[in-house]
Amino acid sequence: MALIAVENLTKSYKTFKRKEGLKGAFINLFKREYEFVQAVDNISFHVESGEILGYIGPNGAGKSTTIKILTGILTPTAGEVAVNGLVPYKRRQQHVKNIGVVFGQRTQLWWDIAVIEAFTLLRDIYEVSKTDFQAQLKKFDEVLGIGPLLHIPVRKLSLGQRVRCDIAASLLHNPPVVFLDEPTIGLDVAVKSNIREFIKEMNASLGTTMILTTHDLSDIEYLCQRSLIIDQGKIIFDGDLQQAKDELARQRKIQVDLYERVDIDSIRDQLKVAELEFAGQNDYSLTISFNKDEISAIDIIQKILDLLHPRDIKIEEPTIETVVKEIYEKRSL
Amino acid sequence: MVYLRKFWTRFRIYTRFSKIRFIDRLSYRAHFFLVLTEYLLIIIVNYFLWKAILADGRTIRGYALEDMVTYVAVAGVFRFIINELSGGISREMSGQYHSGELIMNLLKPVSYQLYIYFRAFGGILFQMLFRGATVLTIWALLVGLTPPDSAATFIVSLALGILIYAGIAFLVGLTTFHIENNAGVLFATTASIELLSGTLIPLVMFPGWVVSILDYLPFKMIFYIPIQIYLGQLGVQEIVSALIVQAIWAFILSIAGFLLFKTSVRKLTIQGG
């Protein structure tokens, strides 16, 4: 049985439609119009034990709503959810004992106290034994370098420090399931890679199941074998993005820098490729777009070498960003 | 036995929330003295008012000036509790709802209601130990203060009164979940409690029909009963039945808060972020 099972999950909100202006404000006072927003629209997916699932989508797509339902904060309008065999919103207190949650934009440490005090409070709340607690602290210090931060009040930490402490706090009780909602948002490259390493390590050594939402697709590329893409409340992709990158991004580009000006029309005639155009402002560089199923890059390069004396040749690989963008765009067509 | 130990460990966790709030309250020195002065001034104004009203040994509904000297001081100190509970429970919950801190608290395996209660209790302990004690000491030295008739009964009754108020404050806090902005509700309840719980004037001074309505409401159970016990106005039988009624109100309001919290959380709509 899957560790996380989501079946036909739907969540709709009733929101109050505000009329604008002074007149609108008066009307609002007496007559209100409501509209229903379908934040999550009949989605189903399963996550197996030990998996790291990437969960991506544009802003307002329904990511956070899904996470909040899975963590037991929100109650779904329809559909079924089970995490670890428990229905999150029905047994909230019991459920949250078995999960760890990191919201990159919020802290779960109480502002007024020092980090170590927050940690010991969490230790007691989650009933972690003192020896386990010490071992965890030591491990977190090694990987996340939180040792020097322990005696600083939470409100005085920088964002990077706070997120590192937050991640440690959410994993203190060794939960089998961890939800990471934009854990690397606003962090510098060093801290980012630090956190990625840590997530990967946790998953490898303890088999922790994780759901990761992020806008940073390099996080996904580094950590997730499987990703879900959600848009307008619906799942529009479920699979390996690396694979999707190969399948979906057939358009590739070759950029050729030249020593001298060339006549683009004559080259286009001789290459017999769909598109060929000058890139940029000068005439000394041209970009060739092609479909890799129709012609291979090798063929094009060979033809170019026959015809011209290029200074440099660059092949542009599609990035994961372009793949995701393409999936979004396909959906909106 | 096992249950008792479990109960004790859980209880100790919640008291740590009290401790955090207590320490937090200690860390603002200027605020401490400003509020102290403000409340002391209100007591002094009230005192001179009563001194004028009850001049020449007059009494109103059994209250003479010497009763009112103690009454205004004790009731004045109770206003610290009102301040703490309306701010530390109702406004705190509203703030947590809007800032998203509520979400983070829902992700912890603790009861939100008890977490909020115990936080506020830490604040009240601070208010009583530092502000309350200071005000009463100053008052005793300057004007004079009758000690409580029965300190133990008074403390039990006050504790029950605080529980009743905490229950009301929690319900007021919950209204934010439904109407987004509960400032109006909060203002109205705080004003009602100041007026109807006996911190402004002794309730017997209201017209008879008001007094008989107040018998059916929880407000007088919050502070008026404890003050009456303090002043030794109630007989043993009356004290026992008052304590029972207080306990019933405390229980009903907390259960109402518990149930309403459950349904309110189900309706929670937090978009974005």
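Remember, predicted model here, so these are calculated numbers, not experimental data.

## So, the overall build of chain B
The number of helices and strands found in chain B is eleven helices and zero strands. Scaling as 2.2 N^0.38, a compact globule of 273 residues should have a C-alpha radius of gyration of about 19 Å, and chain B matches this with 20 Å. Projected onto its principal axes, the C-alpha coordinates of chain B cover approximately 65 × 45 × 40 Å. The buried share of chain B, reckoned over its 273 residues, is 50%. Long-range pairs, those at least 24 residues apart, make up 81% of the contacts in chain B with a sequence separation of at least 6. Carbon and sulfur atoms make up 70% of the accessible area of chain B, which amounts to about 13100 Å² in all. Distance between charge centres in chain B, computed from 21 positive and 13 negative side chains, equals 14 Å.

## Here we look at the packing of helix α5 (residues 130-144) of chain A against helix α6 (residues 159-171) of chain A
Residues and elements named next belong to chain A. α6 packs onto α5 with a crossing angle of 150 degrees between their chain directions and a minimal axis gap of 11 Å. Once α5 is placed against α6, the crossing between them reads as right-handed. Packed against α5, whose contacting residues are Q136, F140 and L144, the element α6 presents R164, I167, A168 and L171 at the interface. Here the contact of α5 with α6 is built from residues that sort into five nonpolar, one polar and one charged.

## So, the packing of helix α5 (residues 112-142) of chain B against helix α11 (residues 236-266) of chain B
If you want to describe how two helices pack, look at the angle between their axes and the distance between the axes. Residues and elements named next belong to chain B. It is the contact of α5 with α11, at a shortest axis distance of 10 Å, that shows an interaxial angle of 130 degrees. Our classification of the angle between α5 and α11 gives oblique. In this structure, α5 contributes Y112, Q113 and Y117 to the contact, and α11 contributes S254, G257, F258 and F261. Across the contact of α5 with α11, the residue classes tally to four nonpolar, three polar and no charged.

## Quick word on the interface of chain B and chain A
At the junction of the two partners, chain B supplies 28 residues and chain A supplies 32 residues. Carbon and sulfur atoms supply 59% of the area buried between chain B and chain A, which totals about 3000 Å² over both sides. Across the chain B-chain A interface, the total number found is two salt bridges. Across the pair B:R16 and A:D124 runs a salt bridge, and its minimum N-O distance is 2.4 Å.

## Examining the domain arrangement of chain A
Interfaces are often described in size by the accessible area the parts lose on coming together. Parsing chain A into structural domains produces domain 1 (4-245) and domain 2 (250-316). Taking only C-alpha atoms, the centre of domain 1 of chain A and the centre of domain 2 of chain A are 46 Å apart.

## A few points about the sheet that holds strand β4 (residues 78-83) of chain A
Across a sheet, paired strands are connected by hydrogen bonds in the backbone, their directions being either parallel or antiparallel. Residue and element names in this part refer to chain A. If you trace the three strands from one edge of the open sheet to the other, you get β2-β1-β4, paired in antiparallel fashion. The sheet is open, and its two edges are formed by β2 (33-47) and β4, each paired on a single side. Averaged over all pairs of adjacent strands, the angle between their axes in this sheet comes to 30 degrees, without regard to strand direction. Taken together, the five bridges between strand β1 (residues 4-17) and β4 define a ladder with antiparallel strand orientation. If you follow T10 over to β4, its bridge partner there is A78. On top of the sheet, helix α2 (residues 63-70) reaches β1, β2 and β4; it is set at about 120 degrees to β1, its chief contact.

## Overview of the confidence of the model for chain B
Of the residues in chain B, 98% have a pLDDT of 70 or more, and the chain-wide mean is 92. Here the prediction assigns the complex a pTM of 0.86, and the interface score ipTM is 0.82.

Rules used throughout
Residues numbered from 1 in each chain as written. Chains lettered and ligands numbered in written order. Predicted model: local features only at pLDDT ≥ 70, side-chain atom pairs only at ≥ 80, totals over all residues. Heavy atoms only, no water. Helix = DSSP H or I, 4+ residues; strand = E, 2+ residues; numbered from the N terminus. Rg over C-alpha atoms; globule rule 2.2 N^0.38 Å. Buried < 20%, exposed > 50% of the residue type's maximum accessible area, 1.4 Å probe, protein only. Contact = heavy atoms within 4.5 Å. Areas by Shrake-Rupley, 256 points an atom, 1.4 Å probe, with all protein chains shown as cover. Lys, Arg positive; Asp, Glu negative; His and termini not counted. Charge placed at Lys NZ, Arg CZ, Asp CG, Glu CD. Axes fitted to C-alpha atoms, helices over the stretch in contact; angles between N-to-C directions. Left-handed = near helix turned anticlockwise from the far one by under 90°. Nonpolar A, V, L, I, M, F, W, Y, C, P; charged D, E, K, R; others polar. Parallel < 35°, antiparallel > 145°, perpendicular 65-115°, else oblique. Buried area = accessible area lost by both parts, 1.4 Å probe. Salt bridge = Lys/Arg side-chain N within 4 Å of Asp/Glu carboxyl O. Domains from an automatic or database assignment. Pairing = 2+ DSSP bridges. pLDDT = per-residue confidence, 0-100.

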